[in-house]
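Examination of the molecular architecture
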Amino acid sequence: MKNLTIFVLSVAASAFFSCSSVRTSEQTRQETNTEHSQNDQKDIITVQLQENQNMQVTDTNLNISFLKVTEDSRCPENVQCVWAGVAVAQIEVMNPFSRPMKFSLATQNLPDKGYSKSANYQGYHIELKSIAPSKTFSATTETSGKKTPYSITLEISKASGESTPKEATSR
């Protein structure tokens with residue numbers, strides 16, 4: 001009887017441990033597939049900042065400040081212009097391990113004029129998506145003297161292995 005009890009317990013223990021290891025290897029395979037699929041897609045973080053606003057960007061070690069718009073020659077809405085114009089936002093980016101760096105990001109890529117929509121900083125690609133408000137032309141706006149503050153939208157992603165002409169430079 002003792003031998004039968006020991007045999008049953010050893011078979012039960014053996015079955016338990018083999019099921020646990022199968023489950024563990026199945027869990028490991030699922031975790032590996034999840035990590036692999038996350039690596040396949042490009043994670044993009046969208047950030048909106050008001051002029052003079054500073055923000056710690058979630059899931060990164062970046063701190064970004066929108067300092068000011070240094071140029072806005074965009075064609076006003078509902079007006080026909082020869083050239084669409086460009087707006088340039090000055091941002092400052094830093095992390096705990098490096099000095100702050102200023103970048104001027106433009107609404108258009110115009111290499112001959114030194115304008116770029118994006119910059120790379122400490123392994124991250126930062127791209128200007130928009131500057132608001134759009135330029136408008138109206139008699140009330142021009143005479144009221146009130147200026148609507150600017151806001152910008154940025155997209156931040158891990159930088160690819162390629163370097164861009166704008167990497168680690170500032171204007």
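This text follows the structure it describes.
The structure reproduced in this document is the subject of the present report.

Moving on, we get to the overall build of the protein. Summing up its helical and strand segments, the protein has 2 helices and 8 strands in all. Secondary structure elements of the protein occur, N-terminal to C-terminal, as α-β-β-β-β-β-β-β-α-β. Looking at the protein as a whole, 27% of its 171 residues qualify as buried. The long-range fraction of contacts in the protein, counting pairs at least 24 apart against all pairs at least 6 apart in sequence, stands at 53%. As presented, the protein carries roughly 11,700 Å² of accessible surface, and 53% of it is formed by carbon and sulfur atoms.

On to the nonpolar core, then. Residues Ile64, Ile126 and Ile152 are the most contacted members of the largest nonpolar core, which totals 23 residues. Residue contacts for Ile64: discarding those within four places in its chain leaves Leu49, Gln53, Asn54, Met55, Val57, Ile91, Glu92, Val93, Ile126, Leu154 and Ile156. Among the nonpolar cores identified, the runner-up in size contains 5 residues, and Val88, Ala106, Leu110 and Tyr115 belong to it.

Okay, the environment of Gln108 next. Within the element layout of this structure, Gln108 appears in the loop between strand E5 (101-106) and strand E6 (118-121). Residue classification places Gln108 among the partly exposed positions, given a relative accessible area of 24%. C-alpha of Gln108 to C-alpha of Leu128: the two residues are 20 residues apart in sequence and 9.1 Å apart in space. Apart from the residues within four sequence positions on either side, Gln108 is in contact with Ala84, Gly85, Val86, Tyr115, Ser116 and Lys117.

For the structure on display, the rule yields 1 disulfide. There is a disulfide in this structure between Cys75 and Cys81, and the S-S distance comes to 1.9 Å. Judged by the sign of its S-S torsion, about 80 degrees, the cystine formed by Cys75 and Cys81 is right-handed. Here Cys75 falls in the partly exposed class, since its relative accessible area comes to 21%.

Here is what the cut-offs are and how they apply
Residues numbered from 1 in each chain as written. Predicted model: local features only at pLDDT ≥ 70, side-chain atom pairs only at ≥ 80, totals over all residues. Heavy atoms only, no water. Helix = DSSP H or I, 4+ residues; strand = E, 2+ residues; numbered from the N terminus. Buried < 20%, exposed > 50% of the residue type's maximum accessible area, 1.4 Å probe, protein only. Contact = heavy atoms within 4.5 Å. Areas by Shrake-Rupley, 256 points an atom, 1.4 Å probe, with all protein chains shown as cover. Core = buried A, V, L, I, M, F, W, Y, C linked by side-chain atoms within 4.5 Å. Disulfide = S-S within 2.5 Å.

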